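# Structural overview
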Amino acid sequence: MLVSWRYRLRPGSVVQALDPRAWMIFFACFLVATVMTWDLRLLLPLLAIALFFIFTSRLTWRDTRRAWLFISGFVIFFSLLTLLTGRGGVEHYTVEHVIGSARLPFALFGWKPTLLLTSERLVFAVSMLVRVFSLASMTVLIPYCINPALYGVTFRGLGLPDKFAYAMDLTMRFIPTFGRDFQLTMDAQRARGYELEKVEGGLLSQVRKLAPLLVPVTIHAVAGSEDIIDAMDLRAFGVQPRTWLLELTYRRRDRILIGAGVMLMVGYIALSLIGFGRLWVPEALQAFPLLGG
Amino acid sequence: MDRKTLSVVLALAAVLVFFLGIIWIGGMLNPSLQLDETALLRFVFVAIGLVIVFILYWLTKSSGIWQVGTREVVYMAIGAALYAVFSYLFNGTVFVVPSVSQVALRPAIVIPMFFGYTFGPVVGFFSGAVGNMFGDALTGFGLSPQWSVGNGLVGLIAGLALLYTDKKKSLNNVLIAGAVLTLLATVLYFVGRGTPNMLFFDVPNNIFGDQPITVIAGLSVLIGFVLVLAARFLFGANVDVGAAVTWSMLGNLVGIGFAAISDIWINGYPPVAAIVGEFIPAAGPNLIFAAILVPALVLAYGAMRRQTGR
């Protein structure tokens, strides 16, 4: 049985008032623009765009609570980690200005951990938070706001051949179903005493321990596909160019959205070409002493 | 050249011309432009990856392995969805799968390997590339399209096994190619032993990309290759298992190699850092999964087919 995303029609939703093809094109342009830059001054307008669409999409907290909690937990955890360890930042800055440091009051095997806060780490962590939150928020809108019945025709309308458009459609439909199957398999195995998190044994036994989860979920999915294949074959799938039950038409607002998306992307590419894509550290934060200086 | 092929070639040429144009215009706008800071190179490597796919298709198009029917469409979708779900669950966000000596465990990679080997290169490529894209979107990792293409290549190359009617004949050549690549990676590990493991994040110790690669992680490609070799000969009577494991190994080395090498230009890594810091910690554990979980999947799939008579 297929499990579906929590889509429903939301009267007054800006995203739902748009053609899904226009939305996907805008989303792709937004994605490229976001990936182009680490400059906080350029990331903030992108965050504003993401927030605009979230607040006008008529999503309720009840519907999307799990998604937001996951995104917030993920983004905050990794941003904090970035702030404390400087992970990932070494590609973006070569010098660091020390705001402060603190030696923790305990020792691990004789080593006293020291937390170092630098301007670059701080700005990098904030930039990362804004960047990932913007991307994740725009992505969340897709399953909640786009009608699953329109996935296939949307990808077809974006230029994919029929078969690949239908494969993309099925992929998006299968994701929640396999998520549910995984949870069921996990629960069933746990009922038999299976413990995934137990750190025991060497590398090979850790790998082997994953088989009771991966193999049943995969083989169950493949076995279940026979019914879908038969149903599609009985409807002569792929024999002739496909027709779609629902048709999409671009309206003025969709063209405006596409134009805005393309301009956003081209603008951000141009800005990154003239050097604005790099991590930006405000002058005031560069007044702190240099690390090791 | 038929019309369909010509349109693919023209589209790929247009993509490359577009990026060359950007490089040219960018150079005029900003003489000190460093392309690795613009993220544009990611898309250039997507185009290069697609050119590789096209060349492989062009060279072998007379065989039936590139046909896409109903069955393939459904398997493409299942493979991509499974890969996305497993990536989301196992990439340290939902279940933190314990890692051993800096070897992070990402078991999802066996999905494009298995689907590629069992259902063909198109299914393998789609499962790897689209599954990785959806997995990144679910996790909120952003966009690394060159790694999606690399994952796609893993599945595609595993699927090239279908080119051979007698799979056993291909195995020795594939093993030799794998041995050469493994040797190269291991030699580079000994050259750059102090290189940080850039793919490893150790939650309890807060270590990410700033600790030299451990001996086990550094030798993981070699360990994986030995395991693949063992699987190949242990399952000597079952050609399918041997072929699945060896072709998956080659797919993994080439696909992950492509993605890691592209980071030499995209992230500005020195070649040794890209190989030792990225390729080895990603491709090594993948090989270990290929040696252990791919046989389990192939055997289970064989049993299911016998049981259902399909």
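Everything numeric here is computed off the predicted structure, so don't read it as measured data.

Conventions used here
- Residues numbered from 1 in each chain as written.
- Chains lettered and ligands numbered in written order.
- Predicted model: local features only at pLDDT ≥ 70, side-chain atom pairs only at ≥ 80, totals over all residues.
- Helix = DSSP H or I, 4+ residues; strand = E, 2+ residues; numbered from the N terminus.
- Buried ≥ 20, exposed ≤ 12 C-beta atoms within 10 Å, placed from the backbone.
- Contact = placed C-beta atoms within 7 Å.
- Rg over C-alpha atoms; globule rule 2.2 N^0.38 Å.
- Domains from an automatic or database assignment.
- Nonpolar A, V, L, I, M, F, W, Y, C, P; charged D, E, K, R; others polar.
- Axes fitted to C-alpha atoms, helices over the stretch in contact; angles between N-to-C directions.
- Left-handed = near helix turned anticlockwise from the far one by under 90°.
- pLDDT = per-residue confidence, 0-100.
- Expected span 1.5 Å × (residues − 1).
- Parallel < 35°, antiparallel > 145°, perpendicular 65-115°, else oblique.

Along the backbone of chain B there are eleven helices and two strands. Across the 310 residues in chain B, those meeting the buried criterion constitute 53%. Intrachain contacts of chain B at a sequence separation of at least 6 include 78% that bridge at least 24 residues.

Right, let's talk about the overall build of chain A for a bit. Looking only at helices and strands, one finds nine helices and two strands in chain A. Its helices and strands taken in sequence order, chain A reads α-α-α-β-β-α-α-α-α-α-α from the N to the C terminus. Relative to the compact-globule value of 19 Å for 293 residues, chain A shows a C-alpha radius of gyration of 24 Å, a clear excess of over 25%. By principal-axis analysis of the C-alpha atoms, chain A measures approximately 75 × 60 × 35 Å. By sequence separation, contacts in chain A at least 24 residues apart represent 80% of the contacts at least 6 residues apart.

Moving on, we come to the domain arrangement of chain B. Each domain of chain B was delimited in the assignment, giving domain 1 (1-64) and domain 2 (67-308). Looking at the side of domain 1 of chain B that touches domain 2 of chain B residue by residue, the classes come out as six nonpolar, four polar and two charged.

Residue and element names in this part refer to chain A. Positive phi outside glycine occurs at R58, with the angle close to 65°. With respect to the element layout, R58 can be found in the loop between α2 (40-55) and α3 (61-85). A positive phi angle, near 60°, is found at A236, a position not held by glycine. Within the element layout of this structure, A236 appears in the loop between α8 (211-234) and α9 (252-273).

Residue and element names in this part refer to chain B. Relative to each other, helix α3 (residues 70-90) and helix α5 (residues 121-139) sit at 35°, their axes nearing to 7 Å. Considering how the two elements wind past one another, α3 and α5 form a crossing that is right-handed. Of the residues in α5, those in contact with E72, Y75, M76, G79, A80, Y83, A84, S87 and Y88 of α3 are V122, V123, F126, S127, G128, V130, G131, N132, F134, G135, L138 and T139. Taken together, the residues that form the contact of α3 with α5 break down as twelve nonpolar, eight polar and one charged.

Attention now moves to the confidence of the model for chain B. Residue and element names in this part refer to chain B. Model confidence for chain B is summarised by a mean pLDDT of 83, while 82% of its residues fall at 70 or above. Confidence scores differ between elements of chain B, with strand β2 (residues 207-208) showing the lowest mean pLDDT of 51 and helix α4 (residues 110-119) the highest of 96. In the model output, the complex is listed with pTM 0.86 alongside ipTM 0.86.

Once that is clear, we can look at the environment of A230 of chain B. Residue and element names in this part refer to chain B. Here A230 lies in helix α9 (residues 220-234). Accessibility expressed as a C-beta count within 10 Å gives 12 for A230, which makes it exposed. For the pair A230 and A80, spaced 150 residues apart in the sequence, the C-alpha separation amounts to 29 Å.

What follows deals with the environment of V123 of chain A. All names here are of chain A. One can find V123 in helix α4 (residues 119-145). With 22 C-beta atoms packed within 10 Å, V123 lands in the buried category. Between the alpha carbons of V123 and L279 there is a distance of 7.9 Å; along the sequence they are 156 residues apart. Look past the residues within four positions of V123 in its chain and what remains in contact with it is L40, L279, V281 and L285.

In this model, helix α1 (residues 20-36) of chain A (17 residues) spans 24 Å end to end at C-alpha, consistent with the 24 Å of a helix rising 1.5 Å per residue. Burial analysis of α1 of chain A places 15 of its 17 residues in the buried class, which makes it a mostly covered element.

All names here are of chain A. Axis separation between helix α6 (residues 162-191) and α8 bottoms out at 10 Å; the angle between their running directions is 135°. Regarding the angle of α6 to α8, the classification is oblique. Viewed along their axes, α6 and α8 form a crossing whose handedness is right-handed. Of the residues in α8, those touching α6 at F178, D181, F182, T185, M186 and Q189 are P212, L213, P216, V217, H220 and A221. Across the contact of α6 with α8, the residue classes break down as eight nonpolar, three polar and one charged.

Let us look at the environment of L59 of chain A. Residues and elements named next belong to chain A. Within the fold, L59 resides in the loop between α2 and α3. Taking the number of C-beta atoms within 10 Å as the measure of exposure, L59 has 21 and is therefore buried. Separated by 85 residues in the primary sequence, L59 and Y144 have C-alpha atoms spaced 7.7 Å apart. Setting aside residues no more than four positions away along its own chain, L59 makes contact with I54, T64 and Y144.

Here the focus is helix α2 (residues 40-60) of chain B. If you check α2 of chain B, its first and last C-alpha atoms are 31 Å apart, about what 21 residues at 1.5 Å a residue would give, namely 30 Å. Those residues of α2 of chain B not exposed but buried are L40, L41, R42, V44, F45 and G49 of chain B.

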